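Read off the chains here:
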Amino acid sequence: MFPTLRQLQYLKLLAQHRSFSRAAEAAFVTQPTLSAGIQELERTLGAPVVDRARSGVILTAVGEETVQRAEDILARAEDLVQSARIAGQPLVGRFRLGVIPTIAPFLLPKALPLLRDRFPKLRLFLREDLTSKLATGLKSGALDAALIALPHDIAGLETATVGMDELMAATPENHPISRGATVNPDDLQGEDVILLEDGHCLREHALSACRVEGGRIADNGFAATSLHTLVQMVGSGLGVTLLPAMAVQAGLAAQAAVTVRPFRAEAPTREIVVAWRSGSSREAEARLLAETLRGA
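A brief look at the structure comes next. (Residues numbered from 1 in each chain as written. Predicted model: local features only at pLDDT ≥ 70, side-chain atom pairs only at ≥ 80, totals over all residues. Heavy atoms only, no water.)

**Some points on the overall build of the protein**
Part 1 of the reasoning: A tally of helices and strands in the protein yields 10 helices and 11 strands.
Part 2 of the reasoning: The C-alpha extent of the protein, read off along each of the three principal axes, is 75 × 50 × 30 Å.
Part 3 of the reasoning: Here the protein holds 296 residues, and 47% of them are scored as buried.
Part 4 of the reasoning: Once local pairs closer than 6 in sequence are excluded, the contacts in the protein between residues at least 24 apart make up 74%.
Part 5 of the reasoning: Looking at the protein as shown, the accessible area adds up to about 14700 Å², and 51% of this sits on carbon and sulfur atoms.
Part 6 of the reasoning: Placing the 31 positive and 33 negative side-chain charges of the protein at their respective mean positions leaves the two points 7 Å apart. (Helix = DSSP H or I, 4+ residues; strand = E, 2+ residues; numbered from the N terminus. Buried < 20%, exposed > 50% of the residue type's maximum accessible area, 1.4 Å probe, protein only. Contact = heavy atoms within 4.5 Å. Areas by Shrake-Rupley, 256 points an atom, 1.4 Å probe, with all protein chains shown as cover. Lys, Arg positive; Asp, Glu negative; His and termini not counted. Charge placed at Lys NZ, Arg CZ, Asp CG, Glu CD.)

Here you go:
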C-alpha cells in the first residue's frame, strides 16, 4: 500500500490551513471525506500525521516530514500532467511566473506585449514577491518559473540569463558626489547609504557594490519598502542609494529631486535570470521565456 496523491494533497492543505474545515473547503470536498483520507494515510504510514487539538491541527514529526516529501511528489505529478498537455506546444495554457519587486514594474510593461504576440494561447499568472519566497514557491511546485536577480542563493534551482542590469548612484540634487559625470564607489564611503528593507536581494547587491563595510548605513529607523519610496527618501536629502539602470530608464527618478550617475570603470551589475526548479518539466519553456524576455 502506498499513499495516494489525493491523500498527500489533503495533508498539504491541512498543513497550510491548520483546520479540517478550511482544508476541506480548499480541496472542494466535505470535511468527513478529507478526515477519512487523512485517517487512511495514517493507516498506510503506520503513524499519526496530525494531532487534533482545540486550538487547531498540529502536525506530528512524521506529518511534517510527510508534508515536505508530499510537496515534491505533488509538484512532479503536476509536471507530468502539464508536460503531457503541452507536448509540442510550448508556453500554451497556464504558466505561473514569480517576479521580484525591483524588476516587475520596469521590465513587465515591455515584456508582456512581446509574450502576448509570440504566445497568444499563454495564460500567464504573475506573483510579485521577494526572492526567498519565490524560491520556496518554485521548489514546492507553486510556481513554474521566476524572474529574479543574481547573485543569490539558488540551491535546487537552475537559471537562464535574461541580461545584465547596471547599478547606478543616486544622490539628492546638488550633492557633491553628483558634480562629475561618473561616480567612484569610494565616493560613497562615509555617506548615509539608504537601502531597501531586509529581504530584498537588491539590498545585498548595493551593499556589495558600494563597499559600505568602511562607511555607514543611514541609522534613522527607516528602510524603504520599494524603489519608489527609496527615491523619495533620497530626494528629501536623507542620503544616497543605488538604483538599477532598468528602473532609471523606465523613468523612476524623473519626477524626484535626485541626480543619477553611472559608476566609472567597471560598473556594479546584477544578473537578471529566469529560474526554475531542478528537474522541472517546464525547463524548456522557462528557457524560451528567458530568450523572449531578452528582447525586452
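**A closer look at the nonpolar core**
Part 1 of the reasoning: With 70 residues, the main nonpolar core has I103, L147, I148, L227, L243, V274 and L293 as its most contacted residues.
Part 2 of the reasoning: Looking at this core element by element, the count peaks at 7 residues for strand β6 (residues 157-172).
Part 3 of the reasoning: Dropping the residues within four chain positions of it, I103 is found in contact with L108, L147, I148, A149, M246, R270 and I272.
Part 4 of the reasoning: Grouped together as the second largest cluster of nonpolar side chains are 20 residues, L8, A23, A24 and L74 included. (Core = buried A, V, L, I, M, F, W, Y, C linked by side-chain atoms within 4.5 Å.)

**A look at the packing of helix α5 (residues 104-118) against helix α10 (residues 283-294)**
Part 1 of the reasoning: Across the interface, α5 lies against α10 with an axial gap of 9 Å and an inter-helix angle of 120°. Taken together, the axes of α5 and α10 lie oblique to each other. Note that α5 runs across α10; the crossing there is right-handed. Seen from α5, the contacting residues are A111, L114, L115 and R118; seen from α10, they are L288, L289, E291, T292 and L293.
Part 2 of the reasoning: In terms of residue class, the contact of α5 with α10 is built from 6 nonpolar, 1 polar and 2 charged. (Axes fitted to C-alpha atoms, helices over the stretch in contact; angles between N-to-C directions. Parallel < 35°, antiparallel > 145°, perpendicular 65-115°, else oblique. Left-handed = near helix turned anticlockwise from the far one by under 90°. Nonpolar A, V, L, I, M, F, W, Y, C, P; charged D, E, K, R; others polar.)

**Some thoughts on unusual backbone geometry**
Part 1 of the reasoning: P151 follows L150 through a cis peptide bond whose omega is 10°.
Part 2 of the reasoning: Examined against the element boundaries, P151 turns out to sit in the loop between β5 (145-150) and β6.
Part 3 of the reasoning: With a phi angle near 60°, F28 is a residue other than glycine that sits in the positive phi range.
Part 4 of the reasoning: Looking at the element boundaries, F28 is found in the loop between α2 (20-27) and α3 (31-45).
Part 5 of the reasoning: Residues other than glycine seldom take positive phi values, yet N174 does so here, at roughly 70°.
Part 6 of the reasoning: With respect to the element layout, N174 can be found in the loop between β6 and β7 (192-193).

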